[in-house]
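Below are the chains, spelled out letter by letter.
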Amino acid sequence: MDRFSDAAGFETLAIHAGQEPDPATGAVVPPIYQVSTYKQDGIGGLRGGYEYSRSGNPTRTALEECLAAIEGGTRGLAFASGLAAEDTLLRTICKPGDHVLIPGDAYGGTYRLFAKVLEPWGVAFDPVPLSDIGAVRAALRPETVAIWVETPTNPLLGVADIAALAQVAHGAGALLVVDNTFASPYLQQPLALGADVVVHSTTKYLGGHSDVVGGALVVADGSLGEQLTFHQNAMGAIAGPFDAWLTLRGIKTLGVRMERHSANAAAIVDMLVRHPRVAEVRYPGLPGHPGYDVAAKQMRAFGGMVSFRLAEGEEAAVRVCEKTELFTLGESLGGVESLIEHPGRMTHASAAGSPLEVPPDLVRLSVGIEDLDDLMRDLERALA
Ligand SMILES: *Cc1c(COP(=O)(O)O)cnc(C)c1O
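These numbers were taken from a predicted model, which means no experiment stands behind them.

## Comments concerning the pattern of salt bridges
Counted according to the given criterion, the structure contains 20 salt bridges. A salt bridge links Asp361 to Arg309, with the shortest nitrogen-to-oxygen separation between them at 2.8 Å. Of the two residues, Asp361 is situated in the loop between strand 11 (339-341) and strand 12 (362-366) and Arg309 in strand 9 (residues 305-310); the sequence distance between them amounts to 52 residues. Residue Asp361 is classed as buried on the basis of its relative accessible area, which comes to 12%. One continuous salt-bridge network, built from bridges that share partners, spans Glu280, Arg282, Arg309 and Asp361.

See the structure below:
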């Protein structure tokens, strides 16, 4: 029925998977089915399999099928936010008494979910440096049910070896979960490397235009997919039809956007490493980065996220963030427009005083797809 084969390339899937022309009208883009309920032809007589939009909605189905296709999974699920996806996943795969390993530099919201919601519920967790396989093995417990991976990490751009960690997790009878938000499925395919579940904040690169908050899960295993679908409906943190439509629209250009994000970021990194006011640049594509070899092996390109530290410390970092004009001062990432922020006082302020506290002199860039010359000029002026 689909106009492309299972062997179709990434960008063909991104544009077409789950999105056959509407049978009723021929519309080439799935309509926004802004509807809560569906007429039944006699009790239980469902026309398209839909009865109530928490359980299923055609626009969301289109997105979920597309997500599954572009991550190479058997099932995709779309949620109201990245954290809603994480919460639904964790309350499906964990029960009180279980234990999870998380990255030593996990996204602050993921850390807060574990520390303030999961732990009081009875799930223990330990942050570990995921680039150190020996440390990961040593931190496993008999009750460890999952290793939670982010690669590259937010905001320190740490890199973890997905294939190696999948072996460690499976050897311990645990699942490997990969938050693929920073790389996006265009740059990195965790399920093909052995991961069991991929998590996304679709708010970021998948949506790509800073106009929607959403989350996703994609799984390899059909029975875990069934359980998650049951919990998605039972817990109810679904993506609405318009949000699903915006995300689908964003995904169509993911490949070309990621190429440009990566190229712009690489050029900016090249400028930053030579800059006298910059003490350190963190980017997985820098040959001096400790995770460079792993990143080069498992990523198609190195992405649009860059962090750097100011030689003169925290106040200098704050001033740079406040001086750029084209790089907009703001949280979030992954949109077409460039953003700058100070993680210590903004996105990662909630990690202050925790093991996940970030360096105070750190600046994070989400490099957009504007003209490189304009981005360079803006940053060079802010650093002057
Ligand atoms: C933003 C983000 C999340 C959380 O997603 P929301 O859509 O904001 O709920 C999770 N993981 C990473 C890596 C993120 O950057």
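## Focus on the sheet that holds strand 10 (residues 328-329)
Whether parallel or antiparallel, the strands of a sheet pair through hydrogen bonds between backbone atoms. Read across the open sheet, the 5 strands follow the order 8-9-12-11-10; overall the sheet is mixed. Every other strand in the sheet has two partners, leaving strand 8 (278-282) and strand 10 as the edge strands with one partner each. Bridge count for strand 11 against strand 12 is 3 bridges, and the pairing is antiparallel. Pairing of Leu339 across the sheet is with Ser366, part of strand 12.

## Comments concerning the pairing of strand 6 (residues 197-201)
The element strand 6 is largely enclosed, with a buried count of 5 among its 5 residues. Of the two faces of strand 6, the one carrying Val197, Val199 and Ser201 and the one carrying Val198 and His200 are both buried. Pairing analysis gives 3 bridges linking strand 5 (residues 175-179) to strand 6, with the strands arranged parallel. Its bridge partner being in strand 6, Val177 is matched across the sheet by Val197. Alignment of strand 6 against strand 7 (residues 215-219), held across 5 bridges, turns out to be antiparallel. Bridge pairing in strand 7 links Val198 to Val218.

## A look at the sheet that holds strand 1 (residues 75-79)
Spatially, the 7 strands line up as an open sheet ordered 1-7-6-5-4-2-3, and their pairing is mixed. Each having just a single partner strand, strand 1 and strand 3 (124-128) make up the two edges of the open sheet. For this sheet, the mean angle separating the axes of adjacent strands, direction not counted, is 20°. With respect to the sheet, helix 4 (residues 108-121) is in contact with strand 2 (99-103), strand 3 and strand 4 (144-150), its orientation differing from that of strand 3 by roughly 155°. Where helix 6 (residues 162-171) meets the sheet, its contacts fall on strand 4 and strand 5, and the angle it forms with strand 5 comes to roughly 150°.

## A word on the packing of helix 3 (residues 82-93) against helix 8 (residues 222-235)
Packing of helix 3 against helix 8 leaves a shortest axis separation of 10 Å and a crossing angle of 120°. Judged by the inter-axis angle, helix 3 sits oblique to helix 8. Both helix 3 and helix 8 take part in a crossing whose hand is right-handed. Contacts between helix 3 and helix 8 involve Asp87, Thr88, Leu89, Arg91, Thr92 and Ile93 from the first element and Leu224, Gln227, Leu228, His231, Gln232 and Met235 from the second. Across the contact of helix 3 with helix 8, the residue classes break down as 5 nonpolar, 5 polar and 2 charged.

## Notes on the environment of Gly26
Counting through the fold element by element, Gly26 comes out in the loop between helix 1 (10-16) and helix 2 (58-71). C-alpha separation for the pair Gly26 and Leu286, spaced 260 residues apart in sequence, amounts to 48 Å.

## Remarks on the nonpolar core
Considering soluble globular proteins, one finds that nonpolar side chains tend to be buried as a cluster. Judged by nonpolar contacts, the single largest core of 51 residues is most densely connected at Ile147 and Leu176. Contacts of Leu176, omitting those with residues within four sequence positions, involve Ile147, Val149, Ile162, Leu165, Ala166, Ala169, His170, Ala195, Asp196 and Val197. Counting 30 residues, the second-largest nonpolar core is a separate cluster that includes Leu90, Phe125, Val177 and Val219.

## Considerations on the site of the ligand
Close contacts around the ligand come from 14 residues, with Gly82, Asp179, Ser201, Thr203 and Lys204 the closest. Lys204 is positioned such that a nitrogen or oxygen atom in its side chain is 2.8 Å from an oxygen atom of the ligand. For the ligand, whose unbound accessible area comes to 380 Å², protein coverage reaches 91%. Per element, the largest residue contribution to the shell around the ligand is 3 residues, and it comes from helix 3. Residues belonging to the shell around the ligand are distributed by class as follows: 3 nonpolar, 7 polar and 4 charged.

## With respect to the environment of Leu228
By the secondary structure assignment, Leu228 is in helix 8. Taking the C-alpha atoms as reference points, Leu228 and Leu77, separated by 151 residues in sequence, lie 8.1 Å from one another. Not counting residues up to four positions away in its chain, the partners in contact with Leu228 are Leu77, Thr88, Leu89, Thr92, Leu217 and Val219.

## A word on the pairing of strand 7
Counted residue by residue, strand 7 has 5 buried out of 5 residues, so it is predominantly covered. Burial along strand 7 is two-sided: the residues Gly215, Leu217 and Val219 and Ala216 and Val218 are all buried. Pairing between strand 1 and strand 7: 5 bridges, direction antiparallel. When the sheet's bridge partners are listed, Leu77 is paired in strand 7 with Leu217.

Conventions used here
Residue numbers run consecutively from 1 along every chain, following the written order of its sequence. Given that this is a predicted model, residues contribute local features only at a pLDDT of at least 70 and side-chain atom pairs are listed and counted only at 80 or more, while totals for whole chains, interfaces and linings are drawn from all residues. To get the side-chain values, all heavy atoms of the structure are used, and hydrogens and water are removed first. A pair is scored as a salt bridge if a Lys or Arg side-chain nitrogen falls within 4 Å of a carboxyl oxygen belonging to Asp or Glu. We count a stretch as a helix when DSSP gives it H or I for four or more residues in a row; a strand needs E for two or more, and each element gets its number in order from the N terminus. Burial status follows relative accessibility: with a 1.4 Å probe on protein chains alone, a residue under 20% of its type maximum counts as buried, one over 50% as exposed, and anything between as partly exposed. In short, DSSP must find at least two bridges between two strands for them to pair. Axis definition: a line fitted to C-alpha atoms, over the contacting stretch in the case of helices. Angles run 0 to 180 degrees between N-to-C directions. We call two residues in contact when some of their heavy atoms are within 4.5 Å. Oblique is the label for every angle not falling under 35 degrees (roughly parallel), over 145 degrees (roughly antiparallel), or within 65 to 115 degrees (roughly perpendicular). In this scheme the handedness of a crossing depends on how the near helix is turned from the far one: anticlockwise by less than a right angle means left-handed, clockwise means right-handed. Only Asp, Glu, Lys and Arg are considered charged, only Ala, Val, Leu, Ile, Met, Phe, Trp, Tyr, Cys and Pro nonpolar, and every remaining residue, Gly among them, polar. The term nonpolar core refers to a set of buried residues drawn from Ala, Val, Leu, Ile, Met, Phe, Trp, Tyr and Cys, joined through side-chain atoms within 4.5 Å. Proximity is defined per residue: if any heavy atom of the residue lies within 4 Å of a molecule or strand, that residue is considered near it. Distance and chemistry together define a polar contact, namely a pair of N or O atoms within 3.5 Å, with one atom able to donate a hydrogen and the other to accept it when in protein, and with adjacent residues in sequence counting only for side-chain atoms on both sides. Only the protein chains shown count as covering a residue, and every accessible area follows the Shrake-Rupley method with a 1.4 Å probe.

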